[in-house]
Amino acid sequence: MSETDRISPTAFATGHMWVRLGLSHPAMSTPRGVRLDRAFSLAIQPRRLLGGTGAFDTLMRARHTGIDCLLEQAIESGKLSQVIELAAGLSGRGWRMTQKFPDLTYIETDLPAMAELKHGMLDGTGLLSDRHQVRVVDALTDAGPESLAALIDTLDSSKGTAIITEGLMSYMDPDTAVTLWQRISGQLKRFPQGLYLSDGYVQSEVKSFSSTLIKTILQRFVKGGLYTHYSSAEDATQKLTSNGFARASLHAARDLPATRELGTKPGGSRVRVLEAWV
Ligand SMILES: C[S@@+](CC[C@H](N)C(=O)[O-])C[C@H]1O[C@@H](n2cnc3c(N)ncnc32)[C@H](O)[C@@H]1O
């Protein structure tokens, strides 16, 4: 099974999860997503059976909202008006951001099958426009029609641009992660301002029993390894600045305005959000 084959089903589960958490449009929920989200959630947070909120929901909410928060700050400050989301899956961020910011261009990307599915879902509900598109990009390819470079050739190079990865890097081994950071920083340098946002985790903060349980179940679900790339926030800064970024911070969710409270709760306290500028 290739890296990409094993990761793709998780997009159905998160696609429904974002809808369930009130962070997405109902069009992004599929019957497969409902089944997978329920099976996975109940395996790791049986309290949900009793209607409670589990740590995994809190973690996911903090991760999604934390990335939103830094993206919105950058758009509101006037630094960015174009966003490329890699491996966007069935996330509702593109829909939410284009609703909120009328001058924003948002390009969601994924592998061909997922991009086609997402395109059909959004198009069917009239949610796509010139400013909000779904395109094919293989994040692991350096050249050719499905590369990030080929997509960027078609965009406005005068606009400050963000690239987002969410829920992708944990599936990448360290060497693949480095290659992807270099690819992203290299492409962001084609714009006047370039921001990379991603979820991230610190090794010592994901060693608890519940984190290990989530990791074990998720690894079984995706039939492969999961990686925590950073030993500390300083290590994250060092890794990103060694791979083409001018500055980088790995924010704790509790330090961001939108996730201050979530970041103090079980699950949310493990979430970090990477902000790296070229
Ligand atoms: C865990 S899902 C995350 C989806 C979305 N970002 C979210 O948070 O809901 C992972 C996504 O990565 C996509 N993916 C896997 N390998 C990829 C690659 N090489 N290039 C682009 N996308 C990829 C899958 O198709 C899937 O949609």
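Below is a short write-up of the structure. What you see is a predicted model; the values in this text were computed from it and never measured. (Residues numbered from 1 in each chain as written. Predicted model: local features only at pLDDT ≥ 70, side-chain atom pairs only at ≥ 80, totals over all residues.)

Our focus in this paragraph is the overall build of the protein. Within the protein, the secondary structure is distributed over ten helices and seven strands. A compact globule built from 278 residues should have a C-alpha radius of gyration of about 19 Å, and the protein, at 17 Å, falls within 12% of that. In terms of overall dimensions, the protein has C-alpha extents of about 50 × 45 × 40 Å along its principal axes. For the protein, with 278 residues in total, the buried portion stands at 45%. Sequence separation of at least 24 residues holds for 68% of the intrachain contacts in the protein that already meet a minimum separation of 6. (Helix = DSSP H or I, 4+ residues; strand = E, 2+ residues; numbered from the N terminus. Rg over C-alpha atoms; globule rule 2.2 N^0.38 Å. Buried ≥ 20, exposed ≤ 12 C-beta atoms within 10 Å, placed from the backbone. Contact = placed C-beta atoms within 7 Å.)

Of all five residues that make up strand S1 (residues 82-86), five are buried, and the element is covered over most of its length. Residues of S1 alternate between two faces, with Gln82, Ile84 and Leu86 on one and Val83 and Glu85 on the opposite face, all of them buried. In the sheet, S1 pairs with strand S2 (residues 105-110) via four bridges, with the strands oriented parallel. What sits directly across from valine 83, in S2, is tyrosine 106. A crossover links S1 with its parallel partner S2, the connecting element being helix H5 (residues 93-100), and its sense is right-handed. The pairing of S1 with strand S4 (residues 161-165) spans five bridges and is parallel. Residue leucine 86 lies in a different strand from S4, and its bridge partner there is threonine 165. (Pairing = 2+ DSSP bridges. Right-handed = clockwise from strand over helix to strand, strands pointing away.)

Even without being a glycine, alanine 87 presents a positive backbone phi close to 50 degrees. With respect to the element layout, alanine 87 can be found in the loop between S1 and H5. The buried category is assigned to alanine 87, around which 25 C-beta atoms lie within 10 Å.

Core analysis: the biggest nonpolar cluster contains 71 residues, and Leu71, Val83, Ala162, Ile163, Tyr196 and Leu197 have the highest contact counts within it. Per element, the largest residue contribution to this core is ten residues, and it comes from helix H4 (residues 55-76). Residue contacts for leucine 71: discarding those within four places in its chain leaves Val83, Ala162 and Leu197. (Core = buried A, V, L, I, M, F, W, Y, C linked by C-beta atoms within 7 Å.)

This part covers the site of the ligand. Lining the immediate surroundings of the ligand are 20 residues, of which Ala11, Thr14, Ala87, Gly89 and Gly167 lie closest. Every element with two or more residues in the shell around the ligand is listed here: helix H1 (3-7) and helix H2 (10-20). Residue composition of the shell around the ligand, grouped by class: ten nonpolar, seven polar and three charged. (Near = placed C-beta within 6 Å. Nonpolar A, V, L, I, M, F, W, Y, C, P; charged D, E, K, R; others polar.)

All right, on to the sheet that holds strand S5 (residues 194-200) then. With respect to topology, seven strands assemble into an open sheet ordered S3-S2-S1-S4-S5-S7-S6, the strand pairing being mixed. Both edges of this open sheet fall to strand S3 (132-136) and strand S6 (247-252), since each of them pairs with a single strand only. Averaged over all pairs of adjacent strands, the angle between strand axes in this sheet comes to 20 degrees, irrespective of strand direction. Here H4 sits on the sheet and contacts S1, S4, S5 and strand S7 (272-277); the angle it forms with S5, its principal contact strand, is near 165 degrees. (Axes fitted to C-alpha atoms, helices over the stretch in contact; angles between N-to-C directions.)

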